[in-house]
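# Chains, contacts and geometry: an overview
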Amino acid sequence: MGASVCRSLASFLVMDILEKAQELEQAGARVIHLEIGQPDFETPACVNEAAERAIRDKRTGYTHSMGILPLREAVAGYYARVYGLEVSPEQVMITNGTSPGMLLLFSVLCEPGDAVIMADPSYACYESFVRYAGAEAIRVPASEEAGFQLDPAAVKRALSPKTRAILINSPSNPAGAVMPEADMRELARLGPMLVSDEIYHGLVYEGTAVSALQAAGGVENCAVLDGFSKRYAMTGWRLGWLVAPRELMPTLQVLQQNFFISPNSISQWAGIAALNCADDDVRRMAAEYDRRRLYLVDALRRLGFGVRSSPVGAFYVLADARELFKDQCSPDRPLSSLALAFDILDKAHVGLAPGIDFGPGAEGYLRFSYANSLENIEEAIQRLACYLEQRAG
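My aim in this report is to walk through the structure given alongside it, one point at a time. The structure displayed is predicted, hence computed values, not measured ones. (Residues numbered from 1 in each chain as written. Predicted model: local features only at pLDDT ≥ 70, side-chain atom pairs only at ≥ 80, totals over all residues. Heavy atoms only, no water.)

### A look at helix α2 (residues 13-26)
The terminal C-alpha atoms of α2, which comprises 14 residues, lie 20 Å apart, in line with the 20 Å expected from a rise of 1.5 Å per residue. All of the buried residues along α2 are Leu13, Val14, Ile17, Leu18, Ala21 and Leu24. The arc that holds the buried residues of α2, viewed along the axis, is 145°, so those residues lie on one side. Structurally, α2 contributes buried residues whose contacts are with β1 (32-33), α13 (337-348), β10 (350-351), β11 (353-354) and β12 (365-369). (Helix = DSSP H or I, 4+ residues; strand = E, 2+ residues; numbered from the N terminus. Expected span 1.5 Å × (residues − 1). Buried < 20%, exposed > 50% of the residue type's maximum accessible area, 1.4 Å probe, protein only. Arc of directions from axis to C-beta. Contact = heavy atoms within 4.5 Å.)

### Quick notes on the pairing of strand β3 (residues 115-120)
Counting buried residues along β3, six of its six residues qualify, which places the element largely inside the surrounding structure. Where β3 lies against strand β4 (residues 136-141), six bridges are found, and the strand directions are parallel. What sits directly across from Ala115, in β4, is Glu136. At this point the chain moves from β3, through helix α6 (residues 126-132), to the parallel β4, and the crossover so formed is right-handed. Across three bridges, the pairing between β3 and strand β5 (residues 163-169) is parallel. Across the sheet, Ala115 pairs through a bridge with Thr163, a residue of β5. (Pairing = 2+ DSSP bridges. Right-handed = clockwise from strand over helix to strand, strands pointing away.)

### Re the sheet that holds β12
If you trace the three strands from one edge of the open sheet to the other, you get β9-β12-β11, paired in antiparallel fashion. With partners counted over all chains shown, the strands left at the sheet margins are β9 (316-320) and β11, one partner each. Examined bridge by bridge, β9 and β12 share five bridges and lie antiparallel to one another. Among the inter-strand pairings, Leu318 is bridged to a residue of β12, identified as Arg367.

### Examining the side chain of Asn372
As for its position among the elements, Asn372 is in the loop between β12 and α14 (374-392). Residue Asn372 is classed as buried on the basis of its relative accessible area, which comes to 11%.

### What to know about the packing of aromatic side chains
What the rule picks out here adds up to 16 aromatic pairs. On the numbers, 5.6 Å between centres and 35° between planes, the contact of Phe228 with Tyr232 is tilted. For Phe228, a relative accessible area of 1% translates into the label buried. Where Phe228 meets Trp241, the ring centres are 5.4 Å apart and the plane angle is 75°; that geometry is what we call edge-to-face. Within this pair, whereas Phe228 is found in the loop between β7 (222-227) and β8 (240-243), its partner Trp241 is found in strand β8, the two being separated by 13 residues in sequence. The same class applies to Phe228 and to Trp241, which are both buried. By the ring-pair criterion, three or more aromatic residues cluster together here, those being Tyr78, Tyr79, Tyr83, Phe228, Tyr232 and Trp241. (Phe/Tyr/Trp six-rings, centres within 6.5 Å; stacked < 30°, edge-to-face > 60°.)

In structure tokens:
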């Protein structure tokens, strides 16, 4: 990949909002952060204790490049326990978060000129991973009524001989939608590898999230990324995993050795504890996220934001702001979600993610994260109500 591609990668706009918010905080403002997916819960105690034991036991050196075997076995055990799937530890690679796993996977899958299909809108950085590997990101418009999840018929029409993978995310960021199992099975039958980002599994409030490994009938033509950041409140531990076809593992391992050497040793021992003893903590956190979800969706609708498809997973609401500001826009001058997000940050001191960060299909929308306390969310709603009154006046 050339330097020109690096220079052409777009800014991660959520981080631009966060960094501006931090400047305001340094100047004395109290900002309510609803822009980032950062759980406000403490990491479960059993995880912290496992990390402390690892330090005391001097388990602080390089590990196997694929990750320590006990953690890979624990991940395999997780798939057996939760999904009834048989996954070999040899097909599990531990990574420093899911982002490095995605970077390595697309580097192995893609040649320059290849294509990867994804939803519009979808997680902001997906396109950057694909372009970094030299491929083209093909964004297929996804309707709000379907929770912005891919429609298999639309994906089929977008296929070409260059399509190497179909990338899905369920529960999804930014909309919190869960893909129906039937749709996932149809996507798995289309031919290209199904790549599934399942980092929000475990945070589902209505229905059940199906793993792509179930829909695809195994790991032969499917790769899954998952990790500890979201459901275990371990964002800073930088720990994830990749399950991939056996034929890809040798090359993935070589890339891991060259670019990352090995995952964080202490985090890996903590990850075993998360998988084996933190289920009650996850259920407790999920119950609180659900309480916040119900409040936030209702509050946003009362303010006039459009939320036509309620989120059922993750911790995000993607809300349409266009109706609220229709008098200040026109067909040739649509609402800029980025300008709106910065204006709300400056005047109301509430951090929100601009919809355009997730693709053209979300322009005019704002993403609200409810990975913050209900008290803070309630205050943010009050501030937004004042902001809207002042802007209307």
